[in-house]
Amino acid sequence: MTDLRALFADLARGRFPAPDGTTTVWPLAGEPEAGVLALTARSFVFADTDEGWVRERLARAGSDPLAASLHPSFLSALLERTGRRMDTVDLLTVAPALPGPPPLELRESTAHGHPRVARALRRRTEVRVWETAEGDVVLLGRGPGGRWETAIETAGTGGTVPRRGRALALAARHLVPGAAVWAQQAPGNARSVRAFQAAGYRAVGAEALLWRAPGGDGP
């Protein structure tokens, strides 16, 4: 979707749309995932449903209009309407790419049996995976609007995990082939939020992505 691609390119450069309280509704136009993106006093809904329905349901959310796009009643109705599923509302972050090799030793992998990698392969395109000798994982793939996204996972739960998480998030900035790399963190996962912030990722907004179950055709 050209508009969605342009939006993420602008956001990665720090160019935000006017905080005028409006909601923009876009058809999917080939995007595999639907979603809702909430910025400061501005929302975007990209979904396989009509704009009139979206606006009617937003008006019925029963919340502050600025929060309606991520209100549980609206998201529940959108999931039912589109026959999709979602995991959670994530904090959406972005960081510019960095030159040179990553500051830790990684080898490219085909570890497609790893649960995080398997999930990425269902929802992303152009997925690539790297591993450390300790079994930590860094992956990159294309998400909504063609943006490059990363996900990381550390092996084990020892005291060095936060430091490793920061190093993995930083590594993704060196590995990404585009101008910027995006990452989502569940707001309650404070350790992950801190790791990405320490690696130079800045908060952009909140996002709920809606995906189809494997083999599901929806309504």
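This section reports on the structure supplied with the text. Everything numeric in this text was worked out from a predicted model, so none of it was measured. Sequence positions are assigned chain by chain, starting from 1 and proceeding in written order. Residues qualify for local features only when their pLDDT is at least 70, as the model is predicted, and side-chain atom pairs are given and counted only at 80 or more; totals for whole chains, interfaces and linings, by contrast, use all residues. Heavy atoms throughout the structure, all of them, feed into the side-chain values; hydrogens and water do not.

**Remarks on the overall build of the protein chain**
Note the threshold: The numbering of helices and of strands both runs from the N terminus, where a helix is a DSSP run of H or I of at least 4 residues and a strand a run of E of at least 2. Taken over C-alpha atoms, the radius of gyration is set against a globule rule of 2.2 Å times the number of residues to the power 0.38. In what follows, residue pairs with any heavy atoms lying within 4.5 Å of each other are defined as contacts. Accessible areas in this description were obtained via Shrake-Rupley with a 1.4 Å probe; residue shielding takes into account the shown protein chains only. When charges are tallied, Lys and Arg are placed among the positive residues and Asp and Glu among the negative ones, while His and the ends of the chain are skipped. Just so you know, the charge point we use is NZ for Lys, CZ for Arg, CG for Asp and CD for Glu.
In terms of regular secondary structure, the protein chain is built from 6 helices and 10 strands. Taken against the 2.2 N^0.38 rule, which gives 17 Å for 219 residues, the C-alpha radius of gyration of the protein chain at 18 Å falls within 12% of a compact globule. On the principal axes, the C-alpha backbone points of the protein chain span a range of 50 × 40 × 35 Å. The contacts in the protein chain between residues at least 6 apart in sequence include a share of 64% that link residues at least 24 apart. Total accessible area computed for the protein chain in this model is approximately 10,500 Å², and 52% of it derives from carbon and sulfur atoms. Counting 27 positive and 23 negative side-chain charges, the protein chain places the centres of these two groups 4 Å from one another.

**Here we look at the pairing of strand β8 (residues 148–153)**
We count it as follows: Here the term buried applies to any residue with accessible area under 20% of the maximum for its type, exposed to any over 50%, and partly exposed to those in between, with areas from a 1.4 Å probe on protein chains only. Whether two strands pair depends on DSSP finding at least two bridges between them.
Counting buried positions over the 6 residues of β8 gives 5, a clear majority of the element. Where strand β7 (residues 137–142) lies against β8, 6 bridges are found, and the strand directions are antiparallel. Each bridged residue has a counterpart across the sheet, and for L140 the counterpart in β8 is T150. As consecutive antiparallel partners, β7 and β8 are separated by 5 residues, and within that stretch G145 has a phi angle of approximately 65°, a positive value.

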